[in-house]
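# Structure at a glance
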Amino acid sequence: IARKLAGGGIRTLLTCFNKALAEDLRHRTAGTRHLEVAHFHELAWRVAEEAGLDLPDEDTLPEGTDFFDRRLPELLAEAGGRLGPRYQAIVVDEAQDFLERWWDPLLALHQDPRDGWLYLFADDNQNLYGGALPVENVEVCPPLPRNLRNTRRIHEFVSVFHRGDPEPESRGPEGREVDILGYDDDAGLRRLLAIVLRNLAEEQVPPEDIVVLTPSGRNKSRLRAEPRVDGFRLTEGPEPGAVLATSVHAFKGLERPVVILAELGDKHLEDLDRYLYVGGSRARNHLIVLATDPVARELRRRAQRA
């Protein structure tokens with residue numbers, strides 16, 4: 001939609017919350033005239049800088065600051081007031097991630113925010129940040145009826161953790177069973193991941209086609225603290241010959257042929273279904289779930305009942 005609008009000479013913004021998703025969208029739309037791609041905070045920073053507003057040094061922001069949640073959107077609003085609207089169309093991916101107070105500053109950049117082109121793509125089952133949609137300002141379209149990303153086996157598994165109606169219809173190939181593997185402790189998890197990676201290597205799956213996802217961020221993930229697992233290099237960003245290892249949050253909106261969803265059951269039990277839905281739906285062809293033994297048993301039971 002963003003390419004089509006921009007291809008018609010319409011000045012279009014394609015935005016999202018996730019930094020990695022913005023990079024992917026930028027790569028996919030490279031060379032499209034009249035199209036700007038930026039994640040929300042990147043956009044806000046750039047517009048505030050263009051307006052000559054005072055911005056702090058990003059490296060000196062204290063941990064836990066609400067600068068990006070509150071102050072930077074306020075600066076965007078001030079900058080937009082100075083510079084005026086700049087887009088004829090805005091397309092937002094993963095729109096459920098946007099906090100309610102971000103919408104007014106964003107839509108102030110639209111030349112016609114009430115009746116102009118505005119497309120919001122959202123899945124409330126993936127709302128990990130407490131975002132909200134400005135539904136009073138848009139014509140709500142019907143849900144997307146078909147799942148074209150995942151195989152049917154992966155679709156059936158993640159649908160167990162989907163909330164709300166209607167459930168999309170799977171149009172993918174049958175695919176292989178979802179693997180649900182249990183472990184006892186951290187050492188068992190590392191051994192299990194090593195076995196999984198060796199098996200994938202024997203199947204000639206390129207490391208770049210694999211991602212390891214955890215509910216915890218890098219500083220709290222014991223698995224991702226290891227730079228290597230049995231000779232396989234784990235990296236926080238895509239690198240040739242390495243396996244990407246990142247958080248479910250950071251990988252929202254992206255996909256890989258093979259997803260290894262790990263560290264399930266250690267904590268975050270209250271959000272387990274959401275992590276399984278968000279993380280599991282990133283897999284196109286093969287989903288492997290590594291969970292503590294009690295959680296793995298429960299997941300197998302739920303999967304069999306689906």
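Further up the page is the structure itself.
Residue numbers here run from 1 along each chain, matching the order of that chain's written sequence. It should be noted that, the model being predicted, local features are given only for residues of pLDDT at least 70 and side-chain atom pairs only at 80 or more, the latter also being counted only at that level, while totals for whole chains, interfaces and linings use all residues. Hydrogens are left out, water is left out, and the side-chain values use all remaining heavy atoms of the structure.

The next subject is the sheet that holds strand 3 (residues 89–92). Taken together, the four strands give an open sheet; going across it, the order is 2-1-3-4, and neighbouring strands pair in parallel fashion. Pairing within the sheet leaves two strands with one partner each, and these edge strands are strand 2 (35–39) and strand 4 (117–120). For this sheet, the mean inter-axis angle between neighbouring strands, taken without regard to orientation, is 15 degrees. As paired strands, strand 3 and strand 4 are joined by four bridges and run parallel to one another. Looking at the pairing, A89 lines up with W117 of strand 4. Strand contacts of helix 2 (residues 19–28): strand 1 (12–16) and strand 2, with the helix running at about 160 degrees to strand 2, the strand carrying the most contacts. Between two residues, a contact is recorded if the distance between any of their heavy atoms is within 4.5 Å. Orientation is described by axes fitted as lines to C-alpha atoms, over the contacting stretch for helices, and by angles from 0 to 180 degrees between their N-to-C directions. Only DSSP runs of H or I reaching four residues or more are called helices, and only runs of E reaching two or more are called strands; each is numbered from the N terminus. On top of the sheet, helix 3 (residues 40–50) reaches strand 1 and strand 2; it is set at about 110 degrees to strand 2, its chief contact. The rule for pairing is simple: two strands pair if DSSP sees at least two bridges between them.

Looking at the element boundaries, G231 is found in the loop between strand 9 (228–229) and strand 10 (232–235). Separated by 188 residues in sequence, G231 and L43 have C-alpha atoms that sit 39 Å apart.

Below, the discussion takes up the sheet that holds strand 7 (residues 179–183). Pairing in this open sheet of seven strands is mixed, and the strands run 7-13-12-8-11-10-9 from one edge to the other. Of all strands in the sheet, those bounded by a partner on one side alone are strand 7 and strand 9. With four bridges connecting them, strand 8 (residues 210–214) and strand 11 (residues 243–247) associate as parallel partners. Along strand 11, the bridge assignment pairs L213 with T246. Most of the contacts of helix 8 (residues 272–280) go to strand 12 (residues 256–264), to which it runs at about 160 degrees, and overall it touches strand 8, strand 12 and strand 13 (283–292). Helix 9 (residues 293–305) contacts strand 7, strand 12 and strand 13 of the sheet and is inclined by roughly 155 degrees relative to strand 7.

Each pair of packed helices can be summarised by the angle the axes make with each other and by the distance between the axes. Relative to each other, helix 6 (residues 152–159) and helix 8 sit at 160 degrees, their axes nearing to 9 Å. As the angle between them shows, helix 6 and helix 8 are arranged roughly antiparallel. In terms of crossing hand, the pair formed by helix 6 and helix 8 is left-handed. Contact residues: I154, F157 and V158 in helix 6; L276, Y277 and G280 in helix 8. Following the grouping adopted for this structure description, the nonpolar residues are Ala, Val, Leu, Ile, Met, Phe, Trp, Tyr, Cys and Pro, the charged ones are Asp, Glu, Lys and Arg, and the polar ones are all others, Gly among them. Split by residue class, the contact of helix 6 with helix 8 holds five nonpolar, one polar and no charged. Comment on the angle field: the value is read as roughly parallel under 35 degrees, roughly antiparallel over 145, roughly perpendicular from 65 to 115, and oblique elsewhere. Two helices cross in a left-handed way if the nearer one is turned anticlockwise from the farther one by less than a right angle. They cross in a right-handed way if the turn is clockwise.

Attention now goes to helix 9. Each helix should span, by expectation, one fewer than its residue count multiplied by 1.5 Å. Its 13 residues give helix 9 an end-to-end C-alpha distance of 19 Å, which sits within 8% of 18 Å, the value for a rise of 1.5 Å per residue. Taken together, the buried positions of helix 9 are occupied by V295, A296 and L299. Seen from one end, helix 9 has its buried residues packed into an arc of 100 degrees, which puts them on one side. Away from the buried face of helix 9 by more than 90 degrees, exposed residues P294, R297, Q304 and R305 are located. Here's how the labels work: a residue is buried when its accessible area is under 20% of the maximum for its type, exposed when over 50%, partly exposed in between, all with a 1.4 Å probe on protein chains only. What the arc measures is the spread of directions leading from the helix axis to the C-beta atoms.

Here the focus is the pattern of salt bridges. A pair is scored as a salt bridge if a Lys or Arg side-chain nitrogen falls within 4 Å of a carboxyl oxygen belonging to Asp or Glu. Overall, the coordinates contain 24 salt bridges when judged by the stated rule. A salt bridge links R82 to E78, with the shortest nitrogen-to-oxygen separation between them at 3.3 Å. Of the two residues, R82 and E78 both sit in helix 4 (residues 67–83), four residues apart, roughly one turn of that helix. Look at E78 and you get partly exposed, because its relative accessible area is 35%. Note that R176 and E203 form a salt bridge whose closest N and O atoms lie 3.1 Å from each other. A residue pair is termed long-range when its members are at least 10 positions apart, and R176 in the loop between strand 6 (169–170) and strand 7 and E203 in the loop between helix 7 (186–202) and strand 8 qualify at 27 residues. On the accessibility criterion, R176 (36% relative accessible area) is partly exposed. Salt bridges sharing partners connect three or more residues here, namely E23, R26, E36, E42 and R46.

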